[in-house]
Amino acid sequence: MNPDLSERIARLDPQRRDLFLQLMQKRAQDAANAGEIPLHEGGRPLPLSFAQQRLWFLDRLNPGSPAYNVGRVFRLEGPLSVTALSQSLSEVVRRHEILRTTFPLVDGLPVQQASASVADEIKHINLMETLARDREEWADTLAVQEIKLPFDLSTQTPWRACLIQYEEASYLFILVVHHIAIDGWSLSILLRELSQLYAEFQRGHASTLPPLPVQYANFALWEKKQWAVDADQARLVSYWKDQLAGIPDFLPLPTDFPRRSGAADQGALEPIVISAKVTEGAGRLANRLRVTLPTVLLAGLNALVARYIGQEDVVIAQAVSNRGRSEFESLIGPFVNLLPLRTNLSGRPTFAGLVERVHQVVLDAHAHQDIPFQKIVEAASPDQNQELASLGQLMFGFENFPDHALVLDGVQVSSVNLDAMQKGAAKSDLSFSLGQKGD
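Overview of the structure.

As a further point, take the sheet that holds strand 11 (residues 394-398). Taken together, the four strands give an open sheet; going across it, the order is 10-9-11-13, and neighbouring strands pair in mixed fashion. Sheet topology places strand 10 (337-344) and strand 13 (430-434) at the edges, where each strand pairs with a single neighbour. Taken over all neighbouring pairs, the strand axes of this sheet differ in orientation by 25 degrees on average, direction set aside. Alignment of strand 11 against strand 13, held across five bridges, turns out to be parallel. Each bridged residue has a counterpart across the sheet, and for F398 the counterpart in strand 13 is L434.

What follows is the structure in structure tokens.
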């Protein structure tokens with residue numbers, strides 16, 4: 001155990017310290033009992049992971065929706081090597097089988113089937129013959145179209161890239177991957193590998209990236225095998241069944257118009273900056289109560305939501321990385337899992353008291369996180385015809401994975417945040433995604 005972690009554990013009160021150490025011991029036992037990760041023969045159809053099953057179903061439920069397109073747009077200024085960029089992206093796709101995978105139906109069930117070849121290339125659009133005053137605006141419009149263009153998961157690989165040149169040394173680089181093949185941590189892996197490969201290929205060097213120990217399909221096989229034989233399965237299902245018993249169908253958020261039933265993904269992004277003063281105060285409170293800053297922020301969100309909906313039973317879902325084995329740390333794929341955190345705000349607690357409640361809810365949920373969200377939904381709603389929108393209606397995330405940085409040697413790279421790209425990209429009614437930059 002590293003010294004910093006030991007010191008942090010020592011500062012916990014005895015009850016939390018014992019719970020944390022028990023959780024660590026269970027993790028170690030689980031890892032020891034996890035067994036070998038199943039191998040597979042390339043090219044044959046394989047089952048989807050639990051996360052992929054849910055995303056495939058959502059795609060079928062709302063075909064043509066861009067809600068699960070994970071897209072990034074970068075403005076590139078400088079002497080770009082288009083050849084090196086194309087080679088780098090092809091090598092990333094070659095390394096990560098999930099980016100060469102389609103999701104057809106076989107005997108009525110969705111499967112994932114990887115291709116051995118890397119056929120997709122960067123699409124090039126040259127606007128140099130367009131009127132100079134219109135080029136940048138036209139490039140932005142084309143970028144929005146690329147972000148919102150849906151995937152046909154049964155026949156198309158789940159990624160695409162487009163390079164739009166609008167000046168002699170000015171480009172927009174658009175990268176879009178369907179969520180069935182990526183999550184936030186994976187996007188950081190993709191951009192990190194793309195940056196390293198570009199630096200190497202631009203100099204005429206070979207790739208120095210180490211071979212991947214397994215592929216995402218191995219994780220899907222391992223996950224299904226583990227869940228089938230997990231001795232803890234009954235305990236996990238029982239916990240979530242009890243935790244979510246009597247949960248409301250949906251939280252009555254005070255919207256301008258009646259809430260639509262079924263899939264509706266029209267949304268927008270609203271950037272908010274929490275001041276350094278408030279951030280510092282929240283950090284001091286977290287230290288005094290011996291909890292994390294995200295716990296204090298989550299408690300604040302619970303208080304705000306409870307006041308707006310006029311009830312004391314609040315459910316906010318939180319994403320966890322779900323990469324419990326070292327073999328999965330360097331893979332691209334949708335590993336992320338959702339945990340619905342249910343907090344009871346009855347009894348008019350002080351804010352410090354509410355933080356304590358939220359902290360306990362988070363601890364308990366993370367101690368029971370080794371269960372796919374699909375199984376949590378089934379535990380909470382034995383009647384599959386009942387829609388429990390509240391399980392994923394509100395989302396809270398505190399980004400602790402590496403920044404989505406793209407570095408191309410000799411080229412100035414900046415992220416583009418076009419408001420129009422966020423339209424039609426809402427996965428839940430309200431999603432709060434927080435990250436810390438500077439103070």
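Once that is clear, we can look at the nonpolar core. Grouped together as the largest cluster of nonpolar side chains are 65 residues, with contacts concentrated most on L76, L80, L99, L172, F173, I174 and L190. Mapped by element, the contributors of at least two residues to this core are helix 3 (50-61), strand 1 (69-77), helix 4 (82-95), helix 5 (132-148), strand 7 (159-167), strand 8 (170-178), helix 6 (184-202) and helix 7 (216-229). For this core, the leading source of residues is helix 6, giving eight residues. With sequence-adjacent residues up to four places away left out, L190 is seen in contact with V92, L99, L175, V177, I182 and I332. Core analysis: the next-biggest nonpolar cluster, separate from the first, contains 47 residues, Y239, V305, I371 and A380 among them.

Now for a nonpolar patch on the surface. Taken together, I272, I274 and V278 make up a surface patch of nonpolar side chains, about 300 Å² in accessible area. Within the secondary structure layout, V278 lies in helix 9 (residues 276-289).

As a further point, take the pattern of salt bridges. Throughout the structure, instances matching the rule amount to 14 salt bridges. With its nearest N and O atoms 3.5 Å apart, the salt bridge here joins E136 to R75. Residue E136 is located in helix 5, and its partner R75 is located in strand 1; the two are separated by 61 residues in the primary sequence. By relative accessible area, E136 is classed as partly exposed at 39%.

Under the criterion given, the structure shown has eight aromatic pairs. Residues Y216 and F219 carry aromatic rings whose centres are separated by 5.3 Å and whose planes lie at 45 degrees to one another, so their mutual orientation is tilted. Of this pair, Y216 and F219 both sit in helix 7, three residues apart, which is roughly one turn of the helix. With relative accessibility at 1%, the residue Y216 sits in the buried group. Exposure remark for F219: the relative accessible area of 2% places this residue in the buried category. With a centroid separation of 5.1 Å and 80 degrees between ring planes, the pair formed by F219 and F328 is classed as edge-to-face. Of this pair, F219 sits in helix 7 while F328 is found in the loop between strand 9 (313-320) and strand 10, placing the two residues 109 residues apart along the sequence.

Okay, helix 9 next. An ideal rise of 1.5 Å per residue puts 20 Å on 14 residues; helix 9 measures up with 20 Å between its terminal C-alpha atoms. Regarding helix 9, the residues found buried are T279, A282, L285, A286 and L289. For helix 9, the angular spread of the buried residues around the axis is 125 degrees, confining them to a single face. Away from its buried face by more than 90 degrees, helix 9 exposes K277, E280, R284, N287 and R288. In the stretch just after helix 9, R290 is the one whose phi turns positive, near 60 degrees.

With that settled, the discussion passes to the sheet that holds strand 6 (residues 123-126). Taken in spatial order, the five strands make up an open sheet running 6-7-8-1-12, and their pairing is mixed. In this open sheet, the two strands that pair with only one neighbour each are strand 6 and strand 12 (412-416). The average undirected angle you get between the axes of adjacent strands in this sheet is 20 degrees. Of the strand pairs in this sheet, strand 1 and strand 8 are connected by nine bridges, and their pairing is antiparallel. What sits directly across from G71, in strand 8, is V176. Contacts between helix 6 and the sheet are confined to strand 1 and strand 8, with strand 8 contributing the most and set at about 140 degrees to the helix.

Non-glycine residue D107 carries a positive phi angle of around 55 degrees. Residue position: D107 is located in the loop between strand 3 (105-106) and strand 4 (109-110). For D107, a relative accessible area of 80% gives the class exposed.

Cut-offs and rules
- Residues numbered from 1 in each chain as written.
- Predicted model: local features only at pLDDT ≥ 70, side-chain atom pairs only at ≥ 80, totals over all residues.
- Heavy atoms only, no water.
- Pairing = 2+ DSSP bridges.
- Helix = DSSP H or I, 4+ residues; strand = E, 2+ residues; numbered from the N terminus.
- Axes fitted to C-alpha atoms, helices over the stretch in contact; angles between N-to-C directions.
- Core = buried A, V, L, I, M, F, W, Y, C linked by side-chain atoms within 4.5 Å.
- Buried < 20%, exposed > 50% of the residue type's maximum accessible area, 1.4 Å probe, protein only.
- Contact = heavy atoms within 4.5 Å.
- Patch = residues over 30% accessible without salt bridge, like charges linked within 9 Å, V, L, I, M, F, W, Y side chains within 5 Å.
- Areas by Shrake-Rupley, 256 points an atom, 1.4 Å probe, with all protein chains shown as cover.
- Salt bridge = Lys/Arg side-chain N within 4 Å of Asp/Glu carboxyl O.
- Phe/Tyr/Trp six-rings, centres within 6.5 Å; stacked < 30°, edge-to-face > 60°.
- Expected span 1.5 Å × (residues − 1).
- Arc of directions from axis to C-beta.

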